[in-house]
Every structure is written in C-alpha cells, then in structure tokens.
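A closer look at the structure
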Amino acid sequence: MATHKLLLLPGDGIGPEVMREVEKLIGWFRKRGTGFETETDLVGGAAYDAHGVAISDAAMARAMNADAVLFGAVGGPKWDGVPYEARPEAGLLRLRKDLGLFANLRPAICYPALADASSLKREVVEGLDIMIVRELTGGVYFGEPKEIVTLENGQQRAIDTQIYTTGEIERIARVAFDLARKRRNKVSSAEKHNVMRSGVLWRKVVTQVHGDEFADVQLEHVLADNCGMQLVRWPKQFDVIVTDNLFGDILSDIAAMLTGSLGMLPSASLGAEDSQTGHRRALYEPVHGSAPDIAGRGLANPLAMIGSFGMALRYSFGLIEEADLLERAIAQVLAAGLRTKDIAPAGANAVATSDLGDAIVKELETLS
Ligand code: NAD
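Residues numbered from 1 in each chain as written. Predicted model: local features only at pLDDT ≥ 70, side-chain atom pairs only at ≥ 80, totals over all residues. Heavy atoms only, no water.

**Looking at the pairing of strand β8 (residues 186–191)**
As a reminder, the rule being used: Partly exposed describes any residue whose relative accessible area lies between the buried limit of under 20% and the exposed limit of over 50%, with all areas from a 1.4 Å probe on protein chains only and scaled to the type maximum. For the purposes of this entry, the term helix denotes a DSSP run of H or I that reaches at least four residues, the term strand denotes a run of E that reaches at least two, and both are numbered from the N terminus. We treat two strands as partners when DSSP finds at least two bridges between them. Here, the term right-handed applies to a crossover whose path from the first strand over the helix to the second runs clockwise when the strands point away from the viewer.
Of all 6 residues making up β8, 6 are buried, and the element is well covered by its neighbours. Of the two faces of β8, the one lined by Lys-186, Ser-188 and Ala-190 and the one lined by Val-187, Ser-189 and Glu-191 are each fully buried. Two elements, β8 and strand β9 (residues 218–223), share 6 bridges in a ladder whose sense is parallel. What sits directly across from Glu-191, in β9, is Leu-223. Since β8 and β9 lie parallel, the crossover through helix α7 (residues 197–213) that links them has a hand, and here it is right-handed. Examined bridge by bridge, β8 and strand β10 (residues 240–243) share 4 bridges and lie parallel to one another. If you follow Ala-190 over to β10, its bridge partner there is Thr-243.

**Observations concerning the site of the ligand**
The condition that has to hold: Consider each residue's heavy atoms; a residue with any of them within 4 Å of a molecule or strand counts as near. Polar contacts here mean pairs of N or O atoms no more than 3.5 Å apart (in protein, one a potential hydrogen donor and the other a potential acceptor; neighbouring residues in sequence count only if both atoms are side-chain atoms). Only the protein chains shown count as cover for residues, and all accessible areas are computed by the Shrake-Rupley method using a 1.4 Å probe. Charged means Asp, Glu, Lys or Arg here, nonpolar means Ala, Val, Leu, Ile, Met, Phe, Trp, Tyr, Cys or Pro, and polar covers whatever is left, Gly included.
Close to the ligand lie 21 residues; Glu-89, Gly-289, Ala-291, Asp-293 and Asn-301 are nearest. Within the contact set of the ligand, an oxygen atom lies 3.1 Å away from a backbone nitrogen or oxygen of Gly-76. Compared with its free state, where it exposes 800 Å², the ligand has 66% of that area covered by protein. Secondary structure elements with two or more residues in the shell around the ligand: β3 (68–73) and α4 (88–98). Here the shell around the ligand is built from residues that sort into 10 nonpolar, 7 polar and 4 charged.

**Focus: the packing of aromatic side chains**
Counted only if it meets this: The criterion for an aromatic pair is that two Phe, Tyr or Trp rings (for Trp, the six-membered ring) have centres within 6.5 Å, with stacked assigned to planes under 30 degrees apart, edge-to-face to planes over 60 apart and tilted to the rest. Only when the NZ of Lys or the CZ of Arg is both within 6 Å of the ring centre and within 35 degrees of the ring normal is a charge said to sit over the ring.
Scanning all chains against the criterion turns up 6 aromatic pairs. When the ring of Phe-36 is compared with that of Phe-309, the centres are 5.9 Å apart and the planes differ by 55°; the resulting orientation is tilted. With Phe-36 in strand β2 (residues 35–40) and Phe-309 in helix α10 (residues 303–316), this pair connects stretches of sequence that are 273 residues apart. For the pair shown, Phe-36 and Phe-309 are each scored as buried. Members of the aromatic cluster, joined through ring pairs, are Trp-28, Phe-29, Phe-36, Phe-309 and Phe-317. Lying over the aromatic face of Tyr-84, Arg-87 brings its terminal NZ or CZ to 3.9 Å of the ring centre. Arg-171 extends its terminal NZ or CZ atom over the ring of Phe-102, reaching a point 4.0 Å from the ring centre.

**What to know about the domain arrangement of the protein chain**
Often the size quoted for an interface is simply the accessible area lost on bringing the parts together. The criterion, for reference: In this document the domain limits rely on a domain assignment from an automatic tool or a database. It only takes one pair of heavy atoms within 4.5 Å for two residues to be counted as in contact. Here the quantity called buried area is the accessible surface, traced with a 1.4 Å probe, that two parts lose on coming together, added over both. When a carboxyl oxygen of Asp or Glu lies within 4 Å of a side-chain nitrogen of Lys or Arg, that pair is called a salt bridge.
For the protein chain, the domain assignment lists domain 1 (1–103 + 260–368) and domain 2 (129–258). One C-alpha centre belongs to domain 1, the other to domain 2, and the line joining them spans 26 Å. Taken together, the contact pairs 12 residues of domain 1 with 15 residues of domain 2. It is Phe-102, Gly-260 and Tyr-315 that lose the most area in domain 1 upon contact with domain 2, and together they represent 52% of the buried surface on that side. Linking domain 1 with domain 2 are 1 salt bridge, by the criterion used here. Counting across the domain 1 and domain 2 interface gives 1 residue pair in polar contact (both at pLDDT 80 or more). If you list the elements that add at least two residues to the side of domain 1 that touches domain 2, you get β11 (266–273) and α10.

**Quick look at the layout of surface pockets**
To keep it simple, the criterion reads: Put simply, the grid is 1 Å and covers the protein atoms alone, a cavity is a trapped set of points that fit a 1.4 Å probe, a pocket is an open set with protein on both sides within 12 Å along at least five of seven lines, and lining residues have an atom within 4 Å of a point. Grid points are joined across faces, edges and corners, and a volume is the space filled by probe spheres set on the points.
By volume, the largest pocket is sized at about 670 Å³. If you trace the largest pocket, you find 25 residues lining it, with Leu-92, Leu-93, Arg-96, Leu-136 and Glu-285 closest to the centre. Secondary structure elements with two or more residues in the lining of the largest pocket: β3, α4, β4 (103–109) and β12 (280–286). For the lining of the largest pocket, the element with the highest residue contribution is α4, accounting for 5 residues. When its residues are assigned to classes, the lining of the largest pocket shows 11 nonpolar, 8 polar and 6 charged. Looking at which domains feed residues into the lining of the largest pocket, each of domain 1 (1–103 + 260–368) and domain 2 (129–258) gives three or more. Surrounding the second largest pocket, 27 residues form its lining, Ile-109, Tyr-111, Asp-129, Arg-314 and Glu-327 being those nearest its centre. Top element by residues in the lining of the second largest pocket is α10. It accounts for 6 residues.

**Observations concerning the pairing of β3**
Burial analysis of β3 places 6 of its 6 residues in the buried class, which makes it a mostly covered element. Two elements, β3 and β12, share 2 bridges in a ladder whose sense is parallel. By the bridge assignment, Val-69 is partnered in β12 with Leu-283.

**Overview of helix α9 (residues 245–257)**
Going by this rule: Each helix should span, by expectation, one fewer than its residue count multiplied by 1.5 Å. Think of the arc as the fan of directions from the helix axis to the C-beta atoms.
If you check α9, its first and last C-alpha atoms are 19 Å apart, about what 13 residues at 1.5 Å a residue would give, namely 18 Å. Among the residues of α9, Asn-245, Phe-247, Gly-248, Leu-251, Ser-252, Ala-255 and Ala-256 are the ones counted as buried. The arc that holds the buried residues of α9, viewed along the axis, is 155°, so those residues lie on one side. Those residues of α9 that are buried lie in contact with β4, β5 (129–135), β8, α8 (224–233) and β10. The residue sitting at the N-terminus of α9 and contributing the capping side-chain oxygen is Asp-244; that oxygen lies 3.2 Å from the backbone nitrogen of Leu-246.

**Digging into the nonpolar core**
Rules: Definition used in this section: a nonpolar core is a set of buried Ala, Val, Leu, Ile, Met, Phe, Trp, Tyr and Cys residues joined via side-chain atoms within 4.5 Å.
Judged by nonpolar contacts, the single largest core of 67 residues is most densely connected at Leu-70, Leu-105, Val-133, Tyr-284, Phe-309 and Ile-360. Looking at which domains feed residues into this core, each of domain 1 (1–103 + 260–368) and domain 2 (129–258) supplies at least three. Once you skip the residues sitting within four places of it in the chain, Leu-105 turns out to touch Met-131, Ile-132, Val-133, Val-175, Leu-179, Ser-267, Ala-268, Leu-270, Met-311 and Tyr-315. Ranked by size, the runner-up nonpolar core spans 19 residues in total, among them Val-125, Ile-130, Val-222 and Leu-258.

Set out below in structure tokens:
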C-alpha cells in the first residue's frame, strides 16, 4: 500500500485549532487503511518563538521531503515587532519560493446549504464548483523594472513590468488542462490580448499547449474583464479558469466571495512535476489568516482547512474516492444544519470548531 507523506505546519492563532480537526480525519482514513505518514513542525510566530526564524532549516528539509505540506495560518499581534526577515509570513514565503510553487489553485464551491450566505441569488451560486488557477511567481508583481522615478519636471513616474515567458505560460496551462481532465474537462483562459502584448503571447501559448497535448479538453479564451463580469453574472458556466498573477489575484477574490465566508475557502499551491516520478511539490492551506480575534475560543470554522486536506487527497495523492467521500460528508453536515458562528444565520445556534470536525468524522463513518 502506498504511503503518503504529509508535513503538518499548524502555525499560529486558529491554525492549530483547525489543523486538529484535519488530524481527526487523517486518523479516520488511516483506520480505514489509507497509508498516511505525518510529521508536524513549527512555522510563523511559533517557529520564531522557538528558533528565532519563521521556519527552521529542519522544517524546510521536511517540507522538501514530504509529498504534500498542510499549512494552517501564521501571524498575530504578538509578533508585530519582530525583525522584518523573521516576521511570521516569511515562513510561508520561503516555503513557496523553495518549493517552487508557481500554480495557485483556488476552488469556489458553494454548498447548497450555504447558498443563502452568498451575496448573489441562490440560483446563481447553488451547487457552484469552479477552480481558478493563478500563475503565482511571474507577471507584473515580479517583473523588472519596478520603480518610482522622479522626472526632470518634478513629477514622479511609477513603473511595473508585466513579463511572461513561453515556459511560464506553458507550465501553468498544463496544470489547468490536467485539472480539467479530473473535473468537467473545460478550461477558460483569461487575458487581455486586445491591449497587452503579454496577453497575445499568453493566448498563443495556451492554444499551442492545448492543440499539442490536451485537444480532448474544451478550451475557450475570455478577456479578463469580461471574465470578472461573467463570474458575477453566471459563474456556473466555468469549470477551470487559468490566468496570470494579477488577473488571478482579482478573479480568485471575486470567485471566493460567491461562496459566502472566508472560513470556507481552501487553496493549493503546486510546483513543477518531477520528471522521474511525475509528482508535484504541493502546499495546501486555507485562504484565511490566523484570526487572532477568535483564536483559542473554539469559534474557528475548520472547513477551509478540511477542504485544503480534501484538495491534497485529490490532487497530490490521487485519492479521488476519499476526496469525494469527504466532500459528501461536509455537504451532509452542512445540510443537517451544523454551522460555526461565521456561517450560522443571525440568532441561530452555532457549534464549536471541534464539534464540526467530530460531526464530519461521524458522517464519514455513516457514508462509508
Ligand atoms: P484573517 O483571515 O485572519 O481574519 C479576517 C476575519 O475573518 C476575522 O474577523 C476572523 O475572525 C475571520 N475568520 C478568518 N478565518 C476564519 C475561520 N476559519 N472561521 C471563522 N472566522 C474566520 O485576516 P486578518 O485579520 O487580516 O489577519 C490576521 C493575521 O493573520 C495577521 O497577522 C495576518 O498577517 C495573518 N494572515 C495570515 C495568512 C496566512 O497565514 N496565509 C493570510 C492572511 C492573514
């Protein structure tokens, strides 16, 4: 039986609270015969307190060695004054950089039971399941020159540079097409070839990769501004959306809000495929932060963290049946009316973080 090596980095604030619920699920899957080997280490403020850095070299080595990293959240007011290079977020940035995580995956799933929590109409979002694939390490956030210069007339001029190479576009396109094959087989590529040279190249390369390697997947090109509009108008027309760093930043936040709460949003960041094993380095984390305002009080919604574990099952380990089972258990628990405070209707009773985790384990038992 294959053993899947997971590194757990709970981090700070509500990070350890929501990770505890994932550990319950790992325990349940293990009992059922799925081979998980887990290690746990410190990251963020917790690592700073213990080692004076946001992630130790030993923890980094473990991350490099793992099949997937599960990351909770980092940061909090306690560490506001620490040196810049040791601030809690530096741990996450080092992980992203050293693991070469260039593809950011953010699903927007709207469980029918939560459709009323969205700001859009129920029929627009109910049952929504789309995936935004954002290029994470290139584009205008990193391109040089990137500066503010003072001109002779005393005015200032700011410059950011949007740069993409063929290789960068090819590898993110492959991630999107691969994902689509595991979903509903459609990719929408968003750029602005009408006004940007990088958009022209983006469109050309995505078309090329599609024709050469993924002709079985449906491909459409959509202008990024129209994509934003369509996401709000009729989001269910999409399956996988692939786009650059800047547009992805914006479009994934729009898609996120279709689903209601920050406590519901998982994410994955993937690296390059190993040419020998075909395995990708990967880090899975909730979109939310360490929520110091509710930490330690059993109020945190663990579903974003649990959903991130579900993504690891599906995308790192190929455990599709297990991932589907977990999705069904989450949907059932929500349909039964169990809610943490962030997703409970005003005045309704809310359950604690651990109660929601326990209910999912119980539901898994019932469904399996
Ligand atoms: P946040 O995501 O931690 O919290 C924003 C709001 O959403 C808060 O009111 C919080 O209580 C609520 N919330 C977040 N997650 C929730 C959950 N699972 N269940 C219920 N409610 C939830 O963002 P913030 O307040 O801007 O930042 C707090 C700290 O987290 C800061 O130190 C920030 O730097 C850090 N942060 C870390 C990450 C990360 O680790 N990836 C991401 C964002 C922010």
